[in-house]
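Chain by chain, the residues run as shown.
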Amino acid sequence: MPDVLIAEDDPAALHLTLKALSIVNSRIRPHIARNGAEALAFLRRQAPYTGAPKPDLIVLDWNLPKVHGREVPAVTRSTDAIRDIPIVVVTTSDAEKDREEAAHLGVNEYVVKAPHFRDFVASVRDFTERYLGTEQDEE
Amino acid sequence: MSTTTITPAIPGIENDWYREIVETAPDATVMIDSDGRIVLINRQTEILFGYERKELLGELVEVLVPDRYRGKHHIHRDGYFGDPNMREMGAGLELSGVRKDGTEFPVEISLSPLRTDRGVFATAAIRDATARRAAEAQFKNLLETAPDAMVIINRQGVIELVNAQTERMFGYKREALVGRPVEVLVPETLRDQHLAHRRGYFVDPKVREMGAGLELSGRRKDGSEFPIEISLSPLETDEGRLATAAIRDITDRKKSQEQMRNLLETAPDAMIIIDQRGTIKLVNAQTERLFGFPRDALIDQPVEILVPARLHDKHVGHRKGYFTDPKIREMGAGLELWGSRQDGTEFPIEISLSPLDTEEGRFATAAVRDITNRKKSQEQMRNLLETAPDAMVIIDQTGHITLVNRQTERLFGYDRDELIRQPVEILVPERLRDRHLGHRTGYFVDPKVREMGAGLELWGRRADGSEFPIEISLSPLETEEGRFATAAVRDITDRKKAQAQFKNLLETAPDAMVIIDRNGRINLVNQQTERLFGYTRGELIDQPVEILVPENLRSRHVGHRSGYFDDPKVREMGAGLELSGRRKDGTEFPIEISLSPLETPDGQFATAAVRDITERKTAQIKLTDYARNLEASNRELEEFAYVASHDLQAPLRNIISFSELLHDECVGKISEDADRYFGFIEEGALRLQGLIKDILEVSRVNRMERSFITVDTNECMETCRLQLRSVLEDSGGRIDFARLPDVKGDALRLTQLFQNLLNNAVKFQRPGVPPLVTITARRFGEFWEFAIADNGIGISADECVQVFEIFRRLHTADEYPGTGIGLSICKKIVETHGGRIWAESEPGKGATFRFTLPDTATVLAPEQAHA
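Here the structure is a predicted model, which is why all the values come from computation and not from measurement.

Calculation rules
- Residues numbered from 1 in each chain as written.
- Chains lettered and ligands numbered in written order.
- Predicted model: local features only at pLDDT ≥ 70, side-chain atom pairs only at ≥ 80, totals over all residues.
- Heavy atoms only, no water.
- Helix = DSSP H or I, 4+ residues; strand = E, 2+ residues; numbered from the N terminus.
- Buried < 20%, exposed > 50% of the residue type's maximum accessible area, 1.4 Å probe, protein only.
- Contact = heavy atoms within 4.5 Å.
- Areas by Shrake-Rupley, 256 points an atom, 1.4 Å probe, with all protein chains shown as cover.
- Buried area = accessible area lost by both parts, 1.4 Å probe.
- Polar contact = N/O pair within 3.5 Å; in protein donor to acceptor, adjacent residues only side chain to side chain.
- Nonpolar A, V, L, I, M, F, W, Y, C, P; charged D, E, K, R; others polar.
- pLDDT = per-residue confidence, 0-100.
- Pairing = 2+ DSSP bridges.
- Axes fitted to C-alpha atoms, helices over the stretch in contact; angles between N-to-C directions.
- Core = buried A, V, L, I, M, F, W, Y, C linked by side-chain atoms within 4.5 Å.
- Expected span 1.5 Å × (residues − 1).
- Arc of directions from axis to C-beta.
- Patch = residues over 30% accessible without salt bridge, like charges linked within 9 Å, V, L, I, M, F, W, Y side chains within 5 Å.
- Salt bridge = Lys/Arg side-chain N within 4 Å of Asp/Glu carboxyl O.
- Parallel < 35°, antiparallel > 145°, perpendicular 65-115°, else oblique.
- Phe/Tyr/Trp six-rings, centres within 6.5 Å; stacked < 30°, edge-to-face > 60°.
- Lys NZ or Arg CZ within 6 Å of the ring centre and 35° of its normal.

Points about the overall build of chain B
Phase 1 of the analysis: From N to C terminus, chain B includes 27 helices and 32 strands.
Phase 2 of the analysis: Taking all 867 residues of chain B together, the buried fraction comes to 40%.
Phase 3 of the analysis: For chain B, the share of sequence-separated contacts (at least 6 apart) that also reach a separation of at least 24 residues comes to 51%.
Phase 4 of the analysis: Accessible surface for chain B amounts to roughly 48,400 Å². Of this, 53% is attributable to carbon and sulfur atoms.

Shown next, in the form of structure tokens:
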């Protein structure tokens, strides 16, 4: 049962991501952070996430309120216990500077959210399989 | 021989021979007996006394004696018969005879006795002494009137005769001298010597003139001695050979000679006195020094000893000529003369000559001056003059030209000889001569150096009468020969012309031009300066240039100005200087200045071109504001672009995604219309998404960084061809291109450019016609012109321009899909590369899009790159 931390502030977008994840891998156990601060607290197991698991994958929206998405890879990659967690940025921004910044901070992948849900599911499948393996692998 | 017809019988003399002798005697001869009776006379007696023979024979001889002597005559006669002997004529006796007519006349008588058996007779030879007495009287008179002391001595040295001058000169009475040896007049120490001379003289007597080199002394009665000069001449008389000595007291002459000698010695020049024969009679110490001869080696030598051998003949000629017409000739009267030293070396001299008339005749005095140094310095000066670039004219105090150089000849058109010794006014235009005379005289009163161009406008006059503007600098020249003035004359015709041209040029300059001298004084301004600063020209000339500088900057400006003259170079306008000018009314305004040094014959100047940049300043401020605004709006645009890329797309994605999900949920549960509504929602949302993407693209191209590299356009083309492969395969179209050039640019953007153009070329195709696209490139200067030609639908001429406008679409989305932003992005990309893009087409005949891109070697101007 892979634990996936999903950081996303837009409820609609979060719905689509969760739907896509559930489509590609029903065994995924999603954990939700509604902003950057929550995401960092989760990773640091700070209240109210003291018992939180170490996620197997972080799906990160880039433009997060409170604490910006960029802080997540920055903290993760500089903290030994969580350094190895794959991070996939999933965002509507295809701005070059965001791509570059994300790559620079050690993000594993940068995925632009496709407008067509089908296309989006395809890209989610692609990276979940890459970092979590298939459902069949787990079984 | 004739016999006398009447001959009284002389007692005792039977024969006629005696009678005949008496008749032939030259003198009147009278024979008397011891009683004094005349017994015989000759014809001469008859003639001399005017008697006939018969009237005298038998008469007492006293008939022939004047009355006043007659009474005493018989005493002489008796005395003679008492001791008859030969007595010569004129032995000191003054005798007279009386003629029959009673007239008396001086006679000289010699008596001789004649002893016969009839007793003693006496024969008297009587000569008329009238002529001789007259001659004697004349001689004595002559003697007395002679200027010199005359002393006549006989062979024995006894004084026979002296004149009054002798008495005066020697202090003796005549009587005390006559009959005494002449040595009484000779100093005792010299008497022996004199005796020898005197005897020698009588052996070979001849005329010896005065002053023939004899230094003699006389001795007065009081024993004092004095210098004399003697000329001797022999005097033959009846009484034998005498000697006449003319004696002259030369005390005064000696004294004056002494004085002259002293004078000579103190003369600064070598003084040489020669006589008419050219013999040196006197020299001074300077002569010894100058010629290296000791005095003794010169005296009595021909003066030519001091003249170089090569000039001897000529000199002799000159010398003789001088004595024929002797007059004073001053030094330096144009004669080039040479002296010769004892060692044979020559040296240039100057001679002044003056005749010297003395009692001893005419001499010539020559004052000789060594002018080696002067010659040298003159030579130097002459050389210097010749090397001078200007015409040099040297005049003396009287204003006469003494020296000119070649430049003067050239400049004024005269030969040197035509100028030398002429008044300098020959070089001055006639209208100015009077004034010049005044100036010249004034100059010699207070001569000082006056430099060229000291504000004087002067004119020269050529030999042909033409005039030309000149500039003169004057300097006094002090020499041994007095004060001169040197004038350096420069023809400034060309400069005047150039100045006029320069002034014209200045006036036509668009900027205010201000020329200042080293001291910062304004020398020249143009009309623009007057206009710009509000001053008239007259108010500016000769003012410090700081008059044009704001007051608070003036002191700093002075520093800058002097600094500039220390290292003057061209400084162009707008070299970062923020300057201000000050108008006459005190207002200030921003200016820009370019400076350039101006070298002139009058010195160093600086030219300032002053430009009023008020307008530019205003424009700059506007521009800066504009740029600031632009920057702000660019920032806003960037923000917008970013927002567009995320915040606009996020809700759009939600619309699309949930519309799709909803649609899926509703499949089969909704009407056909409702089903189509989902389609409209999705289509609209997708179009909106495309527009947002395109706008983002445009803003990206705008913000593109200009880091251009060499780009191989063939590679761009290959990328495009690959992307279009499926489209081409579907339509059966083709893209043709030969080898394309390298350009300078951004590879990604250029690929985008080709892509958009090729997309269009393939897209706008006539139905059923396979697209054929040809790409070519040719070079135009530093650019390559690319042409992408298709065989598509084409566009009209108006549309050729419109197509590049943003969101300009010529067709509906049904016909040809697209947002209408592709070509405006192409335009942006091309222009960002410094090129331009345009379309050529006719509807139905395909379209050709042309654009230029810079060659790899092209250096793009910033404005070109940002156009």
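Once you've had a look at it, read on.
Quick notes on the overall build of chain A
Phase 1 of the analysis: Counting secondary structure elements, chain A contains six helices and five strands.
Phase 2 of the analysis: Helices and strands appear in chain A in the N-to-C order β-α-β-α-β-α-β-α-β-α-α.
Phase 3 of the analysis: Per-residue burial for chain A yields a buried fraction of 54% across its 139 residues.
Phase 4 of the analysis: Taking all contacts inside chain A whose residues are at least 6 apart in sequence as the whole, residues at least 24 apart take part in 64%.
Phase 5 of the analysis: Here chain A has roughly 6,200 Å² of accessible surface; of this, 49% comes from carbon and sulfur atoms.

Remarks on the interface of chain B and chain A
Phase 1 of the analysis: In this complex, chain B contributes 16 residues to the contact, which on the side of chain A involves 22 residues.
Phase 2 of the analysis: Contact between chain B and chain A buries roughly 1,700 Å² in total, counting both sides, with carbon and sulfur atoms accounting for 53%.
Phase 3 of the analysis: Three residues, Tyr642, His646 and Arg653 of chain B, lead the burial of chain B against chain A; their summed loss comes to 39% of the area buried on that side.
Phase 4 of the analysis: Taken together, the links from chain B to chain A amount to five residue pairs in polar contact (both at pLDDT 80 or more).
Phase 5 of the analysis: With 12 residues, the single largest contributor to the side of chain B that touches chain A is helix 20 (residues 614-666) of chain B.
Phase 6 of the analysis: Residues of the side of chain B that touches chain A, tallied by class, amount to seven nonpolar, six polar and three charged.

Section: the confidence of the model for chain A
Phase 1 of the analysis: When pLDDT is averaged across chain A, the result is 91; 97% of the residues are at 70 or more.
Phase 2 of the analysis: Put simply, helix 6 (residues 135-138) of chain A is where chain A has its lowest mean pLDDT, 62, and strand 3 (residues 57-60) of chain A is where it has its highest, 96.

Re the sheet that holds strand 11 (residues 270-275) of chain B
Residues and elements named next belong to chain B.
Phase 1 of the analysis: The sheet built from five strands is open, its strands ordered 12-11-15-14-13 with antiparallel pairing. Every interior strand has two partners, whereas the edge strands, strand 12 (280-283) and strand 13 (337-340), have only one. Strand-to-strand, the axes of this sheet are offset by a mean angle of 40 degrees, without reference to chain direction.
Phase 2 of the analysis: Bridging between strand 13 and strand 14 (residues 346-358) involves four bridges; their strand directions are antiparallel. Along strand 14, the bridge assignment pairs Ser340 with Glu346.
Phase 3 of the analysis: Against the sheet, helix 11 (residues 312-324) makes contact with strand 11, strand 14 and strand 15 (361-370), and its axis sits at roughly 130 degrees relative to strand 15, the strand it touches most.
Phase 4 of the analysis: Contacting strand 14 and strand 15, helix 12 (residues 372-387) runs over the sheet at an angle of about 130 degrees to strand 14.

Remarks on the nonpolar core
Residues and elements named next belong to chain B.
Phase 1 of the analysis: Ranked by size, the top nonpolar core spans 40 residues in total, and within it Ile735, Leu757, Leu758, Ile775, Phe849 and Phe851 carry the most contacts.
Phase 2 of the analysis: The dominant element in this core, judged by the number of residues it contributes, is helix 24 (residues 747-763), at seven residues.
Phase 3 of the analysis: Excluding anything up to four places from it in sequence, Ile735 contacts Met717, Arg721, Leu724, Leu728, Leu758, Val773 and Ile775.

As for helix 5 (residues 117-132) of chain A
Residue and element names in this part refer to chain A.
Phase 1 of the analysis: Across its 16 residues, helix 5 extends 21 Å between first and last C-alpha, which sits within 8% of the 22 Å expected from 1.5 Å per residue.
Phase 2 of the analysis: Restricting attention to buried positions, one finds in helix 5 the residues Phe117, Phe120, Val121, Ser123, Val124, Phe127, Thr128 and Leu132. All buried residues of helix 5 project into a common sector of 165 degrees when viewed along the axis, lining one side.
Phase 3 of the analysis: Directly after helix 5, the chain includes Gly133, whose backbone phi takes a positive value near 80 degrees.

Things to note about the pairing of strand 8 (residues 216-219) of chain B
If a strand is regular, its side chains alternate between the two faces of the sheet.
All names here are of chain B.
Phase 1 of the analysis: Taken together, the four bridges between strand 8 and strand 9 (residues 225-237) define a ladder with antiparallel strand orientation. By the bridge assignment, Ser217 is partnered in strand 9 with Pro227.
Phase 2 of the analysis: Where strand 8 hands over to strand 9, the hairpin turn is made up of five residues, of which Gly223 adopts a positive phi near 90 degrees.

Things to note about a nonpolar patch on the surface
Phase 1 of the analysis: A cluster of nonpolar side chains, contributed by Leu637, Phe640, Val643 and Leu648 of chain B, occupies part of the molecular surface with about 280 Å² of accessible area.
Phase 2 of the analysis: Structurally, Leu637 of chain B can be placed in helix 20.

With respect to the sheet that holds strand 17 (residues 401-404) of chain B
All names here are of chain B.
Phase 1 of the analysis: If you walk across this open sheet you meet the five strands as 17-16-20-19-18, and the pairing is antiparallel. The open sheet is flanked by strand 17 and strand 18 (458-461), the only strands paired with a single partner. Going from strand to strand, the sheet's axes swing by 40 degrees on average, the running direction of each strand aside.
Phase 2 of the analysis: Bridge count between strand 16 (residues 391-396) and strand 20 (residues 482-491): six bridges; the pairing is antiparallel. Opposite Met392, over in strand 20, you have Ala488 as the bridge partner.

Remarks on the pairing of strand 15 of chain B
Residue and element names in this part refer to chain B.
Phase 1 of the analysis: With six bridges joining them, strand 11 and strand 15 adopt antiparallel strand pairing. Note that in strand 15 the partner of Ile274 across the bridge is Ala364.
Phase 2 of the analysis: Examined bridge by bridge, strand 14 and strand 15 share 10 bridges and lie antiparallel to one another. Across the sheet, residue Thr358 finds its bridge partner in strand 15, namely Gly361.

Points about the side chain of His31 of chain A
Residue and element names in this part refer to chain A.
Phase 1 of the analysis: Locating His31 in the fold gives a position in strand 2 (residues 29-33).
Phase 2 of the analysis: Among the polar contacts made by the side chain of His31, one reaches the side chain of Asp3 at a distance of 2.7 Å.
Phase 3 of the analysis: Excluding residues that lie within four positions of it along the chain, His31 makes contacts with Asp3, Val4, Leu5, Ile6, Phe42 and Pro53.

So, the packing of helix 21 (residues 672-702) of chain B against helix 26 (residues 822-832) of chain B
How two helices pack is summed up by the angle between their axes together with the distance between the axes.
All names here are of chain B.
Phase 1 of the analysis: Where helix 21 contacts helix 26, the axes come no closer than 9 Å and their chain directions differ by 5 degrees. Classified by the interaxial angle, the pair formed by helix 21 and helix 26 is roughly parallel. Of the residues in helix 26, those in contact with Asp694, Glu697, Val698, Val701 and Asn702 of helix 21 are Ile825, Lys828, Ile829 and Thr832.
Phase 2 of the analysis: Taken together, the residues of the contact of helix 21 with helix 26 break down into four nonpolar, two polar and three charged.

Description of unusual backbone geometry
All names here are of chain A.
Phase 1 of the analysis: A cis amide bond links Ala47 with the next residue in sequence, Pro48, at an omega value of 5 degrees.
Phase 2 of the analysis: Relative to the helices and strands, Pro48 is located in the loop between helix 2 (36-44) and strand 3.
Phase 3 of the analysis: Positioned with a positive phi, Arg45 is a non-glycine residue whose angle comes to about 55 degrees.
Phase 4 of the analysis: On the secondary structure map, Arg45 appears in the loop between helix 2 and strand 3.
Phase 5 of the analysis: One non-glycine residue, Lys66, lies in the positive phi region at around 65 degrees.

Here's the deal with the pattern of salt bridges
Residue and element names in this part refer to chain B.
Phase 1 of the analysis: Considering all chains together, one arrives at 57 salt bridges over all chains under this definition.
Phase 2 of the analysis: Across the pair Asp300 and Lys281 runs a salt bridge whose closest N-O atoms are separated by 2.9 Å. You can see Asp300 sitting in the loop between helix 10 (285-291) and helix 11 and its partner Lys281 sitting in strand 12, a full 19 residues away along the chain.

So, the environment of Ala463 of chain B
All names here are of chain B.
Phase 1 of the analysis: On the secondary structure map, Ala463 appears in the loop between strand 18 and strand 19 (467-479).
Phase 2 of the analysis: For Ala463, a relative accessible area of 36% corresponds to the partly exposed category.
Phase 3 of the analysis: In this structure, the C-alpha to C-alpha distance between Ala463 and Gly413, residues 50 residues apart in sequence, is 5.3 Å.

What to know about the confidence of the model for chain B
Atomic detail in the predicted coordinates should be set aside for any region of low pLDDT.
Residues and elements named next belong to chain B.
Phase 1 of the analysis: Of all residues in chain B, 91% have pLDDT values of 70 or greater, and the mean over the chain is 83.
Phase 2 of the analysis: Within chain B, helix 27 (residues 862-866) has the poorest average pLDDT of any element, 44, and strand 30 (residues 783-789) the best, 92.
Phase 3 of the analysis: In this model residues 1-8 is a low-confidence stretch, pLDDT under 50, and it forms 11 contacts with partners more than four residues away in sequence or in other chains.
Phase 4 of the analysis: Low pLDDT, under 50, characterises residues 862-867; the stretch is placed with 10 contacts to residues that sit more than four places away or in other chains.

Re the packing of aromatic side chains
Residue and element names in this part refer to chain B.
Phase 1 of the analysis: For the coordinates displayed, the defined rule picks out 16 aromatic pairs over all chains.
Phase 2 of the analysis: Look at Phe754 and Phe786: their rings are 5.7 Å apart centre to centre, the planes differ by 80 degrees, and that puts the pair in the edge-to-face class. On the criterion of sequence distance, the pair formed by Phe754 in helix 24 and Phe786 in strand 30 is long-range, its members being 32 residues apart. For the pair shown, Phe754 and Phe786 are each scored as buried.
Phase 3 of the analysis: Aromatic ring contacts, followed pair by pair, group Phe754, Phe786 and Phe851 into a single cluster.
Phase 4 of the analysis: Note that Arg836 overlies the ring of Trp838, its terminal NZ or CZ placed 4.2 Å from the centroid.

Notes on the environment of Val203 of chain B
Phase 1 of the analysis: Along the chain, Val203 of chain B turns up in helix 8 (residues 191-203).
Phase 2 of the analysis: In this structure, the C-alpha to C-alpha distance between Val203 of chain B and Arg155 of chain B, residues 48 residues apart in sequence, is 9.7 Å.

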